[in-house]
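Analysis of the macromolecular model
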Amino acid sequence: MAKGLNASGRMDWASDLDFEVRVVEDEIPDDVEWLFWVGCAGAYEDRAKKTTQAVAELLHLAGVEFAVLGEGETCTGDSARRSGNEFLFQMLAMQNVETLNGLGV
């Protein structure tokens, strides 16, 4: 997760949508076609939240059954890798693989 940001605010981007965004908890339901990985920027940065909302709206309008991980999602490590911290990136990547494997993906 991005430093200094609370995981409980990870779904705030969805609060203005006129439909409910499903959140996966223990396993991905059979009717979910796509898992939408929002990422730290998409969850917390104001400009990126607009893109996240637009993608969710497009998926919803297209009738695609999708879900997100909500607080279960962690940072991808992209910013760590771009800043040269390959070790942190690898740790976060392994954590994300474990999260997805735990969901049966």
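So, here's what we can say about the structure. Residue numbering note: each chain is counted from 1, following its sequence as written. It should be noted that, the model being predicted, local features are given only for residues of pLDDT at least 70 and side-chain atom pairs only at 80 or more, the latter also being counted only at that level, while totals for whole chains, interfaces and linings use all residues. The side-chain values count all of the structure's non-hydrogen atoms but skip hydrogen atoms and water molecules.

Some points on a negative patch on the surface
Residues Glu25, Asp26, Glu27 and Asp30 make up a contiguous surface patch of negative charge. The secondary structure listing takes helices from DSSP runs of H or I that are at least 4 residues long and strands from runs of E that are at least 2 residues long, numbered from the N terminus. By secondary structure assignment, the location of glutamate 27 is in the loop between strand S1 (22-23) and strand S2 (34-35). Here glutamate 27 falls in the exposed class, since its relative accessible area comes to 58%. Patch building starts from residues that exceed 30% relative accessible area and form no salt bridge, then joins like charges within 9 Å and nonpolar side chains (Val, Leu, Ile, Met, Phe, Trp, Tyr) within 5 Å. In short, Shrake-Rupley with a 1.4 Å probe defines the accessible areas, and a residue's cover is counted only from the protein chains shown. By salt bridge we mean one thing: a side-chain nitrogen of Lys or Arg within 4 Å of a carboxyl oxygen of Asp or Glu. Charge counting treats Lys and Arg as positive and Asp and Glu as negative, with His and both chain ends excluded. Charge coordinates come from a single atom per side chain, which is NZ of Lys, CZ of Arg, CG of Asp or CD of Glu. Any residue under 20% of the maximum accessible area for its type is buried, any over 50% is exposed, and the rest in between are partly exposed; the area is computed with a 1.4 Å probe on protein chains only.

Brief notes about the pattern of salt bridges
Per the counting criterion, the structure on display carries six salt bridges. One salt bridge in this structure joins glutamate 86 and arginine 81, with 2.9 Å as the shortest N-O distance. Residues participating in the shared-partner salt-bridge network are Arg22, Asp31 and Glu65.

Re the environment of proline 29
Note that proline 29 resides in the loop between S1 and S2. Counting along the chain gives 26 residues from proline 29 to valine 55, while the straight-line C-alpha distance between them is 20 Å. Residues are treated as being in contact if the distance between any of their heavy atoms lies within 4.5 Å. Apart from the residues within four sequence positions on either side, proline 29 is in contact with Arg22 and Val24.

Focus on helix H2 (residues 46-61)
Its 16 residues give H2 an end-to-end C-alpha distance of 23 Å, which sits within 8% of 22 Å, the value for a rise of 1.5 Å per residue. Regarding H2, the residues found buried are Ala48, Lys49, Thr52, Gln53, Ala56 and Leu59. Seen along its axis, H2 keeps its buried residues to an arc of 145°; they face one direction. Away from the buried face of H2 by more than 90 degrees, exposed residues Arg47, Lys50, Leu58 and Leu61 are located. The inward-facing, buried residues of H2 contact helix H1 (39-44) and strand S3 (66-68). The first or second residue beyond H2 is glycine 63, which carries a positive phi of 80°. In this scheme, a helix's expected span is set at 1.5 Å multiplied by one less than its residue total. Summarising the geometry, the arc corresponds to the directions from the helix axis toward the C-beta atoms.

These values are about where atoms sit, not about what they do.
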